[in-house]
Amino acid sequence: MLKKQSLAVILVILGCISLAGCGNGSNNSSEGDQSTIEYKVSEDGGNISLSAEDALPEGFPKEIPIIEGSFSQVALSSDSSMTVSYDVKKSFKEVLKVYKDYYKSAGYTDMQEILIDDSYSGTGVRDGKQLLVTLSVVTDDPNLTSVSLTYQDEVK
(Lines give C-alpha, C1' and ligand atoms only; values in the text may rest on other atoms or scores of the structure.)
Protein backbone atom coordinates (compact mmCIF):
# COMPACT_ATOMS: atom_id res chain seq x y z
CA MET A 1 0.00 0.00 0.00
CA LEU A 2 2.69 2.50 1.03
CA LYS A 3 4.85 1.35 -1.91
CA LYS A 4 2.11 2.34 -4.39
CA GLN A 5 1.73 5.78 -2.78
CA SER A 6 5.47 6.39 -2.74
CA LEU A 7 5.80 5.24 -6.34
CA ALA A 8 2.97 7.53 -7.44
CA VAL A 9 4.56 10.56 -5.76
CA ILE A 10 7.99 9.73 -7.21
CA LEU A 11 6.54 9.34 -10.71
CA VAL A 12 4.77 12.73 -10.49
CA ILE A 13 7.97 14.39 -9.34
CA LEU A 14 10.13 12.76 -12.00
CA GLY A 15 7.58 13.62 -14.67
CA CYS A 16 7.60 17.29 -13.69
CA ILE A 17 11.38 17.40 -13.68
CA SER A 18 11.66 15.68 -17.04
CA LEU A 19 9.11 18.07 -18.57
CA ALA A 20 11.20 21.00 -17.42
CA GLY A 21 14.24 19.90 -19.41
CA CYS A 22 17.81 18.98 -18.70
CA GLY A 23 19.94 20.71 -16.13
CA ASN A 24 22.13 20.35 -13.10
CA GLY A 25 21.05 19.49 -9.58
CA SER A 26 22.38 21.73 -6.85
CA ASN A 27 21.74 23.24 -3.45
CA ASN A 28 20.67 20.08 -1.62
CA SER A 29 19.81 20.83 2.00
CA SER A 30 18.02 19.14 4.83
CA GLU A 31 17.07 20.05 8.36
CA GLY A 32 15.48 17.39 10.52
CA ASP A 33 12.36 16.13 8.77
CA GLN A 34 12.46 18.88 6.15
CA SER A 35 14.51 18.72 2.97
CA THR A 36 14.69 20.70 -0.24
CA ILE A 37 16.40 20.02 -3.56
CA GLU A 38 17.04 22.83 -6.04
CA TYR A 39 17.37 21.70 -9.66
CA LYS A 40 18.81 24.18 -12.16
CA VAL A 41 16.98 23.71 -15.45
CA SER A 42 18.82 26.13 -17.73
CA GLU A 43 21.69 28.58 -17.82
CA ASP A 44 19.27 31.53 -17.83
CA GLY A 45 18.28 30.82 -14.25
CA GLY A 46 15.21 28.56 -14.45
CA ASN A 47 14.95 26.39 -11.33
CA ILE A 48 12.79 23.64 -9.92
CA SER A 49 12.53 23.20 -6.18
CA LEU A 50 11.43 19.91 -4.58
CA SER A 51 10.47 20.01 -0.93
CA ALA A 52 9.45 17.20 1.39
CA GLU A 53 8.16 19.30 4.23
CA ASP A 54 4.85 20.14 5.78
CA ALA A 55 4.62 23.61 4.21
CA LEU A 56 3.18 25.07 1.03
CA PRO A 57 5.54 26.56 -1.57
CA GLU A 58 5.99 30.31 -1.31
CA GLY A 59 3.27 31.98 -3.39
CA PHE A 60 0.87 29.01 -3.34
CA PRO A 61 -2.62 30.51 -2.80
CA LYS A 62 -3.68 29.95 0.79
CA GLU A 63 -7.36 29.80 -0.19
CA ILE A 64 -6.87 26.57 -2.16
CA PRO A 65 -8.03 23.89 0.29
CA ILE A 66 -5.55 21.52 1.87
CA ILE A 67 -7.80 19.11 3.72
CA GLU A 68 -7.21 18.88 7.47
CA GLY A 69 -5.38 15.75 8.52
CA SER A 70 -3.30 15.54 5.34
CA PHE A 71 0.00 13.67 5.46
CA SER A 72 2.89 12.59 3.20
CA GLN A 73 2.92 16.10 1.74
CA VAL A 74 5.38 16.84 -1.06
CA ALA A 75 5.81 20.21 -2.76
CA LEU A 76 7.42 20.94 -6.12
CA SER A 77 7.84 24.42 -7.56
CA SER A 78 9.40 25.97 -10.64
CA ASP A 79 9.37 29.46 -12.11
CA SER A 80 5.88 29.01 -13.60
CA SER A 81 4.16 26.33 -11.50
CA MET A 82 3.75 24.85 -8.03
CA THR A 83 2.54 21.35 -7.19
CA VAL A 84 1.47 20.08 -3.80
CA SER A 85 0.70 16.39 -3.34
CA TYR A 86 -0.63 14.74 -0.21
CA ASP A 87 -2.74 11.89 1.13
CA VAL A 88 -5.75 12.31 3.39
CA LYS A 89 -7.81 9.81 5.38
CA LYS A 90 -11.14 10.79 3.77
CA SER A 91 -13.31 9.08 1.19
CA PHE A 92 -12.87 9.95 -2.48
CA LYS A 93 -16.40 11.43 -2.57
CA GLU A 94 -15.72 13.72 0.41
CA VAL A 95 -12.48 15.03 -1.12
CA LEU A 96 -14.05 15.43 -4.56
CA LYS A 97 -16.86 17.54 -3.07
CA VAL A 98 -14.33 19.87 -1.36
CA TYR A 99 -12.51 20.63 -4.61
CA LYS A 100 -15.59 20.84 -6.86
CA ASP A 101 -17.16 23.26 -4.36
CA TYR A 102 -13.93 25.28 -4.28
CA TYR A 103 -13.78 25.57 -8.09
CA LYS A 104 -17.37 26.84 -8.14
CA SER A 105 -17.12 29.27 -5.20
CA ALA A 106 -13.74 30.71 -6.28
CA GLY A 107 -14.95 31.62 -9.76
CA TYR A 108 -12.84 29.33 -11.94
CA THR A 109 -13.86 29.21 -15.61
CA ASP A 110 -12.98 27.11 -18.67
CA MET A 111 -13.57 24.01 -16.54
CA GLN A 112 -12.54 20.65 -17.92
CA GLU A 113 -13.20 17.57 -15.81
CA ILE A 114 -12.72 13.83 -16.13
CA LEU A 115 -14.21 11.43 -13.56
CA ILE A 116 -13.60 7.70 -13.93
CA ASP A 117 -14.43 5.46 -10.96
CA ASP A 118 -12.24 6.69 -8.09
CA SER A 119 -10.08 9.02 -10.21
CA TYR A 120 -10.71 12.67 -10.98
CA SER A 121 -8.85 15.29 -12.94
CA GLY A 122 -10.20 18.82 -13.13
CA THR A 123 -8.75 22.07 -14.35
CA GLY A 124 -10.00 25.62 -14.33
CA VAL A 125 -8.69 29.13 -15.00
CA ARG A 126 -8.92 32.29 -12.88
CA ASP A 127 -6.94 35.54 -13.15
CA GLY A 128 -4.54 34.09 -15.74
CA LYS A 129 -3.66 31.13 -13.51
CA GLN A 130 -4.70 27.53 -13.94
CA LEU A 131 -5.48 25.06 -11.14
CA LEU A 132 -5.26 21.35 -11.90
CA VAL A 133 -6.70 19.01 -9.25
CA THR A 134 -6.01 15.28 -9.50
CA LEU A 135 -7.61 12.87 -7.03
CA SER A 136 -7.31 9.11 -6.80
CA VAL A 137 -7.68 6.11 -4.53
CA VAL A 138 -4.48 4.13 -5.00
CA THR A 139 -4.90 1.54 -2.23
CA ASP A 140 -7.47 -0.96 -1.09
CA ASP A 141 -8.57 1.54 1.57
CA PRO A 142 -11.55 3.50 0.17
CA ASN A 143 -11.02 6.12 2.89
CA LEU A 144 -7.52 7.08 1.77
CA THR A 145 -7.40 9.59 -1.07
CA SER A 146 -4.32 10.95 -2.84
CA VAL A 147 -4.47 14.60 -3.91
CA SER A 148 -2.26 16.53 -6.32
CA LEU A 149 -2.75 20.28 -6.83
CA THR A 150 -0.88 22.13 -9.57
CA TYR A 151 -1.15 25.92 -9.72
CA GLN A 152 0.49 27.44 -12.78
CA ASP A 153 0.49 30.13 -15.41
CA GLU A 154 -2.43 29.54 -17.77
CA VAL A 155 -1.60 26.97 -20.44
CA LYS A 156 -2.70 28.20 -23.86
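Residues numbered from 1 in each chain as written. Predicted model: local features only at pLDDT ≥ 70, side-chain atom pairs only at ≥ 80, totals over all residues. Heavy atoms only, no water.

The protein carries the name Lipoprotein in an unreviewed UniProt entry, which gives Cohnella suwonensis as its organism.

**A word on the pairing of strand S8 (residues 129–136)**
Here eight bridges tie strand S7 (residues 119–126) to S8, and the two strands are oriented antiparallel to one another. Bridge assignment links tyrosine 120 to a residue of S8, and that residue is leucine 135. Adjacent in sequence and paired antiparallel, S7 and S8 are bridged by two residues, among which aspartate 127 carries a positive phi angle near 55°. Sheet topology note: the S8/strand S9 (residues 145–153) ladder contains eight bridges and is antiparallel. Its bridge partner being in S9, valine 133 is matched across the sheet by leucine 149. (Pairing = 2+ DSSP bridges. Helix = DSSP H or I, 4+ residues; strand = E, 2+ residues; numbered from the N terminus.)

**A closer look at the packing of aromatic side chains**
Within this structure, the stated rule accounts for three aromatic pairs. Ring plane angle 65° and centroid distance 6.3 Å describe the contact between phenylalanine 60 and tyrosine 151, whose orientation is recorded as edge-to-face. Placement of the pair is phenylalanine 60 in the loop between strand S3 (47–51) and strand S4 (71–78) and tyrosine 151 in strand S9, with a sequence separation of 91 residues. Geometrically, the ring pair formed by tyrosine 103 and tyrosine 108 is edge-to-face, given 5.4 Å between the ring centres and 85° between the ring planes. Judged by relative accessible area, tyrosine 103 falls into the buried class, the value being 3%. Ring-pair connections join several aromatic residues into one group, and the members of that group are Tyr102, Tyr103 and Tyr108. (Phe/Tyr/Trp six-rings, centres within 6.5 Å; stacked < 30°, edge-to-face > 60°. Buried < 20%, exposed > 50% of the residue type's maximum accessible area, 1.4 Å probe, protein only.)

**A closer look at the pattern of salt bridges**
Scanning all chains against the criterion turns up six salt bridges. For the salt bridge of aspartate 141 with lysine 89, the shortest nitrogen-to-oxygen distance reads 2.3 Å. Taken as a pair, aspartate 141 in the loop between S8 and S9 and lysine 89 in the loop between strand S5 (81–88) and helix H2 (92–106) lie far apart in primary sequence, 52 residues in all. A salt bridge links aspartate 127 to arginine 126, with the nearest nitrogen and oxygen atoms 3.9 Å apart. Classification of aspartate 127 by relative accessible area gives exposed; the value is 73%. Taking relative accessible area as the criterion, arginine 126 reaches 18% and is therefore assigned buried. Each of Glu63, Arg126 and Asp127 takes part in salt bridges that share partners, so that together they form one network. (Salt bridge = Lys/Arg side-chain N within 4 Å of Asp/Glu carboxyl O.)

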